[in-house]
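A closer look at the structure
Each chain, letter by letter, is given below.
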Amino acid sequence: MKLGLVGTGWIVQRQLPQMSRRGIEVGAIAGTPRSAEKVDALANEYGVEGRYTDYNEMIAEADIDTVYVGVPNALHVAVTTAALEAGKNVICEKPMASNYRESKEVADLARSKGLYLWEAVSTIYLPNFAKLKELLPRVGDVKVVSVNFSQYSSRYDAFQRGEIQPAFDPAKAGGALMDLGLYNLHYILGLFGEPSAVRYQANVERGIDTSGIVTLDYDNFKAVSIAAKDCGAPLFCIIQGNKGYLRQDTSPNVCGPITLHMNDGSEETFDENGFTEFERVWDHEFASFKADVESGSTEHCYQLLEQSLLVSRIQTDARLTSGIRFPADEQ
Ligand SMILES: NC(=O)c1ccc[n+]([C@@H]2O[C@H](COP(=O)([O-])OP(=O)(O)OC[C@H]3O[C@@H](n4cnc5c(N)ncnc54)[C@H](OP(=O)(O)O)[C@@H]3O)[C@@H](O)[C@H]2O)c1
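Residues numbered from 1 in each chain as written. Predicted model: local features only at pLDDT ≥ 70, side-chain atom pairs only at ≥ 80, totals over all residues. Heavy atoms only, no water.

1. Topic: the domain arrangement of the protein chain
How large an interface is tends to be reported as the accessible area lost when its parts come together. Stated precisely, the cut-off is as follows: These domain limits were set by an automatic method or by a database of domain assignments. Throughout, a contact is declared for two residues whenever any of their heavy atoms are within 4.5 Å. Summed over both partners, buried area is the accessible surface (1.4 Å probe) that two parts give up on being assembled. Salt bridge, as used here: a side-chain nitrogen of Lys or Arg that lies within 4 Å of a carboxyl oxygen of Asp or Glu. N or O atoms within 3.5 Å of each other form a polar contact, as long as, within protein, one can give a hydrogen and the other can take it, and as long as residues adjacent in sequence are counted only when both atoms are side-chain atoms. Each residue gets one label: Ala, Val, Leu, Ile, Met, Phe, Trp, Tyr, Cys and Pro are nonpolar, Asp, Glu, Lys and Arg are charged, and the others, such as Gly, are polar.
Here the protein chain is partitioned into domain 1 (2-122) and domain 2 (124-283 + 310-330). Summarising the inter-unit geometry, the C-alpha centres of domain 1 and domain 2 are found 25 Å apart. With 23 residues of domain 1 in contact, the opposing surface of domain 2 contributes 29 residues. For the domain 1 and domain 2 pair, buried surface summed over both sides reaches about 2,100 Å², with 55% attributable to carbon and sulfur atoms. The largest contributions to the domain 1 side of the interface with domain 2 come from Tyr100, Val121 and Ser122, which together make up 29% of the buried area. The interface formed by domain 1 and domain 2 includes three salt bridges. Where Asp179 meets Lys94, a salt bridge forms, and the shortest distance between an N and an O atom there is 2.8 Å. At the junction of domain 1 with domain 2, the criterion picks out 16 residue pairs in polar contact (both at pLDDT 80 or more). Here the side of domain 1 that touches domain 2 is built from residues that sort into nine nonpolar, seven polar and seven charged.

This is the structure in structure tokens:
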């Protein structure tokens, strides 16, 4: 796997130092004319040959087989489409697109070309997530599921001063549901599938949800996703059943140690992720991307793509119940 990275911001700066340890080569980086110096600095620091200020040029010219999309949400589809059209596989940062229509378009394009398209969402690749699925029957009939991913964002300070960064910009498909809420939905839908009804109640400032609560009706049980970028809280994921409950004191992107509490007071703890440092949280997804390519089959990738499509559909339905609309919704 030889990557061309698009973006020079927070996530790209976190991923770059990890690539050589993962056995993944980075052949090129593309930024914008604004960030030309950053492109050069990152390329120099990590020994990357190709340097571009236009991702289309990188896709056309660089010696790469896979494009990693690390730009603001509203640009994901444009970069992904350009890469797929040029025959490159794509690792797209979460969320895959601004809405379900766009997600479906890129997924269909990848499948029609037989290319890999992965949504880089750590939760579903983590061993603890698989462990949760295995442990679920032990809590009996599920009654209530609650996930709280609230993290005060330093970008919220800037937002309040009127400096609107992409993560808080409706024009760039930002907001708490698209960012942190996406992990909550992957967690809940990955464990329980499609709900029968969904509703989003958001705190909206300057046209964007800075925090909010999604309620998901599963008929015989109920789930709630809390995501906030304007206030903090203890992080947790709790699945309550009539025989006991599963508890994680982390956000779902980390999907950390799991404690199974039974009604008789007994407790067991499980932790199969195999790391403690936060920077390792993405290792499992990259290992899985590599393994998919080495297997020569797109089957596993397309299974997860279906999961991403389901999440995108429910996320879009939820968001529209709150009245928050993005430019992509008007097309
Ligand atoms: N998986 C995770 O854990 C995780 C964590 C954080 C973020 N993310 C995702 O990663 C994405 C980026 O987030 P971030 O926090 O890294 O944002 P960020 O710090 O704002 O960085 C965005 C980058 O995109 C670049 N960019 C904008 N337009 C571009 C274009 N046309 N061509 C090339 N580069 C362009 C920007 O360059 P300029 O400075 O020149 O505009 C900047 O370097 C988001 O979709 C977010 O959801 C994922």
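2. A closer look at the pattern of salt bridges
Put simply, the rule is: Each helix is a run of H or I in the DSSP string that is no shorter than four residues. Each strand is a run of E no shorter than two, and both are numbered from the N terminus.
According to the stated counting rule, one finds 22 salt bridges in the structure shown. In this structure, Glu272 and Lys131 form a salt bridge, with 3.6 Å as the shortest nitrogen-oxygen distance. On the criterion of sequence distance, the pair formed by Glu272 in the loop between β14 (267-270) and α10 (283-295) and Lys131 in helix α7 (residues 127-135) is long-range, its members being 141 residues apart. Residues participating in the shared-partner salt-bridge network are Arg21, Arg22, Arg280 and Asp283.

3. What to know about the packing of aromatic side chains
Inclusion rule: Any pair of Phe, Tyr and Trp rings, taking the six-membered ring for Trp, is counted once the centres come within 6.5 Å. Such a pair is stacked with planes under 30 degrees apart, edge-to-face with planes over 60 apart, and tilted for the rest. Relative accessible area decides the class of each residue, using a 1.4 Å probe on protein chains only: under 20% of the type maximum gives buried, over 50% gives exposed, and in between gives partly exposed. Put simply, a charge is over a ring when the Lys NZ or the Arg CZ is close to the ring centre, within 6 Å, and near the line of the ring normal, within 35 degrees.
Within this structure, the stated rule accounts for 16 aromatic pairs. Centre to centre, the rings of Tyr125 and Phe289 are 5.4 Å apart; their planes meet at 85°, and the pair counts as edge-to-face. Here Phe289 lies in helix α10 and Tyr125 lies in the loop between β6 (117-120) and α7, a separation of 164 residues in the sequence. In this pair, the class of Tyr125 matches that of Phe289, namely buried. Taken together, the aromatic side chains of Tyr68, Tyr116, Trp118, Tyr125, Phe286 and Phe289 make up a single cluster linked through ring pairs. The residue whose ring lies beneath Arg206 is Phe159, and the NZ or CZ to ring-centre distance is 5.6 Å. Taking NZ or CZ as reference, Lys229 lies 5.4 Å from the ring centre of Phe168, over its face.

4. Topic: the state of the cysteines
The bond known as a disulfide is covalent and runs between the sulfur atoms of two cysteines. This is how the line gets drawn: Whenever a pair of cysteine sulfur atoms sits within 2.5 Å, that pair is classed as a disulfide.
Evaluation of the coordinates by the stated rule reveals zero disulfides. Counting only cysteine sulfurs, Cys255 is the nearest neighbor of Cys237, a cysteine outside any disulfide, at a range of 6.5 Å. Left without a disulfide partner, Cys301 is nearest to the cysteine sulfur of Cys92, which lies 12 Å away. Under the relative-accessibility criterion, Cys301 is labelled buried at 1%.

5. Describing the site of the ligand
Selection rule: Near is defined per residue: the residue qualifies when any heavy atom it owns lies within 4 Å of the molecule or strand. Exposure was quantified through the Shrake-Rupley algorithm and a 1.4 Å probe, taking into account, for residues, occlusion by the shown protein chains and nothing else.
By nearness alone, 24 residues border the ligand, and Thr8, Thr32, Arg34, Asn73 and Lys94 come closest of all. Asn73 places a polar side-chain atom, nitrogen or oxygen, 2.7 Å from an oxygen atom of the ligand. One of the backbone N or O atoms of Lys94 is found 2.8 Å from an oxygen atom in the ligand. Notes on the ligand: free accessible area 920 Å², of which the protein chains cover 82%. Partitioned by chemical class, the residues of the shell around the ligand number 11 nonpolar, nine polar and four charged. Summarising the domain contributions, the shell around the ligand has at least three residues from each of domain 1 (2-122) and domain 2 (124-283 + 310-330).

6. Describing the pairing of strand β10 (residues 222-228)
Working note: regular strand, side chains alternate between the two faces of the sheet. The test is simple: Any two strands are treated as partners once DSSP identifies two or more bridges connecting them.
Sheet analysis places strand β7 (residues 142-150) next to β10, joined by seven bridges and oriented parallel. Bridge pairing in β10 places Val145 opposite Ala223. The pairing of strand β9 (residues 208-217) with β10 spans seven bridges and is classified as antiparallel. Its bridge partner being in β10, Thr215 is matched across the sheet by Val224. As consecutive antiparallel partners, β9 and β10 are separated by four residues, and within that stretch Asp219 has a phi angle of approximately 65°, a positive value.

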